[in-house]
Amino acid sequence: MGIKEWLIPQDKVFFDLFEQMAGIVVQAAEKLEQMVTTKTDPESTYKEIKELEHKGDLITHEIYEHLNRTFITPLDPLEISRLASALDDVLDYIDDSAEKLLIYGIKDYDRTMQNFAQLIRLSTVQLQCGVKGIRSFRNSNPLESCGIEINRLENMADDLLSHAIQRLFAMEDPMTTIKLKDIYECLETATDKCEDVANVLSDISIRHS
């Protein structure tokens, strides 16, 4: 065992934890899409999303615990903190979106919700690819392509929100308009948070390449 391995016994722990967190984010996004596209029990699906959100919180806490105990880290401590926080934000907004669907008593999930959920899932899949890419910075192409795709998906979500709100204000039921606007904006924010993760990954790639 070399001096570096002795000094950094948990060098790979952060990468492992980030990959676990990214996997949970993807699972939650898949559950959200399932919630709005299938006829399965929405309350049961939301409970599954909430369980995933809880698991994500535990992993985030573990990342910070290791950060406090590890003298030398494979990434800058600020980078680790930013990435952990950004991933946690994505998971929080997926959870918030599912919760709003239940709180507002939405019975029929429209095409706009389904499109948002699909964009969120596709974005999280790209995030998972990007997170796996930070183990090695010798080839930044995968990280760059993930970032470009996430940006494209986020732009699509922006357009989707703009058109959806335009339709909402043509409705005659103000209460429904308020409910749907809040849900759509929460879903769109989840894609914004995915782009935030991509930006953190890009910063890490530039710094270490």
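Residues numbered from 1 in each chain as written. Predicted model: local features only at pLDDT ≥ 70, side-chain atom pairs only at ≥ 80, totals over all residues. Heavy atoms only, no water.

Regarding the overall build of the protein
Helix and strand counts for the protein come out as seven helices and zero strands. Along its sequence from the N terminus, the protein presents helices and strands in the succession α-α-α-α-α-α-α. Relative to the 2.2 N^0.38 estimate, which gives 17 Å for 209 residues, the radius of gyration of the protein is 19 Å and therefore close to what a compact globule would have. Here the C-alpha coordinates of the protein stretch approximately 70 × 30 × 25 Å along the principal axes. Looking at the protein as a whole, 45% of its 209 residues qualify as buried. (Helix = DSSP H or I, 4+ residues; strand = E, 2+ residues; numbered from the N terminus. Rg over C-alpha atoms; globule rule 2.2 N^0.38 Å. Buried < 20%, exposed > 50% of the residue type's maximum accessible area, 1.4 Å probe, protein only.)

Looking at helix α7 (residues 174-208)
Between its first and last C-alpha atoms α7 spans 51 Å; for 35 residues at 1.5 Å apiece the expected length is 51 Å, and the two agree. For α7, the side-chain oxygen to backbone nitrogen distance between the N-cap and Met 175 is 3.2 Å, and the N-cap itself is Asp 173. (Expected span 1.5 Å × (residues − 1). Polar contact = N/O pair within 3.5 Å; in protein donor to acceptor, adjacent residues only side chain to side chain.)

Topic: the nonpolar core
Judged by nonpolar contacts, the single largest core of 60 residues is most densely connected at Phe 18, Leu 32, Leu 83, Ile 94, Leu 101 and Met 113. Among the secondary structure elements, those contributing two or more residues to this core are α2 (13-37), α3 (42-69), α4 (77-103), α5 (111-133), α6 (141-168) and α7. In terms of residue count, α2 provides more of this core than any other element does, 13 residues in total. Non-local contacts of Leu 101, meaning those with residues more than four positions away in its chain, are made with Leu 32, Met 35, Val 36, Ile 106, Tyr 109, Met 113 and Ile 183. (Core = buried A, V, L, I, M, F, W, Y, C linked by side-chain atoms within 4.5 Å. Contact = heavy atoms within 4.5 Å.)

A closer look at the side chain of Glu 79
For Glu 79, the location among the structural elements is in helix α4. In this structure the side chain of Glu 79 is engaged in a polar contact, spanning 3.1 Å, whose partner is the side chain of Arg 207. Contact partners of Glu 79, with chain neighbours within four places excluded, come to Val 200, Ile 204, Arg 207 and His 208.

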